[in-house]
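Summary of structural features
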Amino acid sequence: ARRLLPGSRVTRFLEVHYRRAHGLLARPAHAFLADLRTLLVDEVPATTRALAPYIAAIVALFVFSGLAGAWLVNTYPELATLFVPEQFVWMAESGRLWIDSIVNIVPSSLMSAEIFANNVLVTLFAYCVGVIFGLGTFYIIALNGLMIGGIFAFTHQHGLALRLLEFTTAHGPVELTTVCLAGAAG
């Protein structure tokens, strides 16, 4: 191309792509462990520090909306049906927690897969809808806070909050942390 078409667009195109291909083929092999170490030691902490104000804002939003949900259900108990289906209200009024019936019927592996899938969906949604000026993320975080606060207030009214806390302690901290981090990134 240099000999037949010197200085042409075709020659420039071929030279650019040749340099790019040569750069890809001649680069040194990846050092997986070194790259992983760089990611975990340098990049993740730097990104977390950069997101610190957003993480604090999201956590505050989550906590305040949880307190608002608890206040709403404590003040207006009839609002519990906004957070808990009617059949679960009946179970709680009879002293049973709806989780007990789920745990005894559904295999734990299936239930954990469903919980995992739901949490991945909420996390991705909280991250992705941040593109709408952060309003979608605000909505997701506030709604989850309201729901958790309302559900715990409802179960507290029926003396079941401790049993619900025992169930959610196994997976809740990791899930809520992940959702809040995704919300901060969103």
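Residues numbered from 1 in each chain as written. Predicted model: local features only at pLDDT ≥ 70, side-chain atom pairs only at ≥ 80, totals over all residues. Heavy atoms only, no water.

Our next topic: the overall build of the chain. For the chain, the helix and strand inventory stands at 8 helices and 0 strands. The linear arrangement of helices and strands in the chain, starting from the amino end, is α-α-α-α-α-α-α-α. Scaling as 2.2 N^0.38, a compact globule of 186 residues should have a C-alpha radius of gyration of about 16 Å, whereas the chain reaches 26 Å, well beyond that. The C-alpha extent of the chain, read off along each of the three principal axes, is 90 × 35 × 30 Å. The buried share of the chain, taken over its 186 residues, is 26%. Surface exposure of the chain reaches about 12800 Å², of which carbon and sulfur atoms provide 71%. (Helix = DSSP H or I, 4+ residues; strand = E, 2+ residues; numbered from the N terminus. Rg over C-alpha atoms; globule rule 2.2 N^0.38 Å. Buried < 20%, exposed > 50% of the residue type's maximum accessible area, 1.4 Å probe, protein only. Areas by Shrake-Rupley, 256 points an atom, 1.4 Å probe, with all protein chains shown as cover.)

The subject of this paragraph is the packing of helix H6 (residues 135–157) against helix H7 (residues 161–169). It is at 7 Å that the axes of H6 and H7 come closest, and there the two elements cross at 140 degrees. Taken together, the axes of H6 and H7 lie oblique to each other. Seen from H6, the contacting residues are Ile151, Phe152, Thr155 and His156; seen from H7, they are Ala161, Leu164, Leu165 and Thr168. Partitioning the contact of H6 with H7 into residue classes produces 5 nonpolar, 3 polar and no charged. (Axes fitted to C-alpha atoms, helices over the stretch in contact; angles between N-to-C directions. Parallel < 35°, antiparallel > 145°, perpendicular 65-115°, else oblique. Contact = heavy atoms within 4.5 Å. Nonpolar A, V, L, I, M, F, W, Y, C, P; charged D, E, K, R; others polar.)

A few words now on unusual backbone geometry. Despite not being glycine, Phe133 has its phi angle at roughly 55 degrees, a positive value. Note that Phe133 resides in the loop between helix H5 (108–128) and H6. Take Phe133: its relative accessible area is 79%, and that puts it in the exposed class.

With that settled, the discussion passes to the environment of Ser8. On the secondary structure map, Ser8 appears in the segment before helix H1 (9–26). For the pair formed by Ser8 and Arg49, sequence separation is 41 residues and the distance between their alpha carbons is 49 Å. Reaching out from Ser8, the side chain makes a polar contact with the side chain of Thr11 at a distance of 3.1 Å. (Polar contact = N/O pair within 3.5 Å; in protein donor to acceptor, adjacent residues only side chain to side chain.)

When pLDDT is averaged across the chain, the result is 88; 96% of the residues are at 70 or more. Within the chain, no element has a lower average pLDDT than helix H4 (residues 98–105), which sits at 67, and none a higher one than helix H2 (residues 32–75), at 94. (pLDDT = per-residue confidence, 0-100.)

Here we come to a nonpolar patch on the surface. Residues Phe32, Leu33, Leu36, Leu39, Leu40, Val41 and Val44 make up a contiguous nonpolar surface patch of about 670 Å² in total accessible area. By secondary structure assignment, the location of Leu40 is in helix H2. On the basis of relative accessibility, which here comes to 51%, the residue Leu40 falls in the exposed class. (Patch = residues over 30% accessible without salt bridge, like charges linked within 9 Å, V, L, I, M, F, W, Y side chains within 5 Å. Salt bridge = Lys/Arg side-chain N within 4 Å of Asp/Glu carboxyl O.)

Now for the side chain of Glu175. Relative to the helices and strands, Glu175 resides in helix H8 (residues 172–185). Lacking a salt bridge, the buried Glu175 has Arg163 as its closest oppositely charged neighbour, with an N-O distance of 18 Å. Excluding anything up to four places from it in sequence, Glu175 contacts Ile115 and Asn119. (Lys, Arg positive; Asp, Glu negative; His and termini not counted.)

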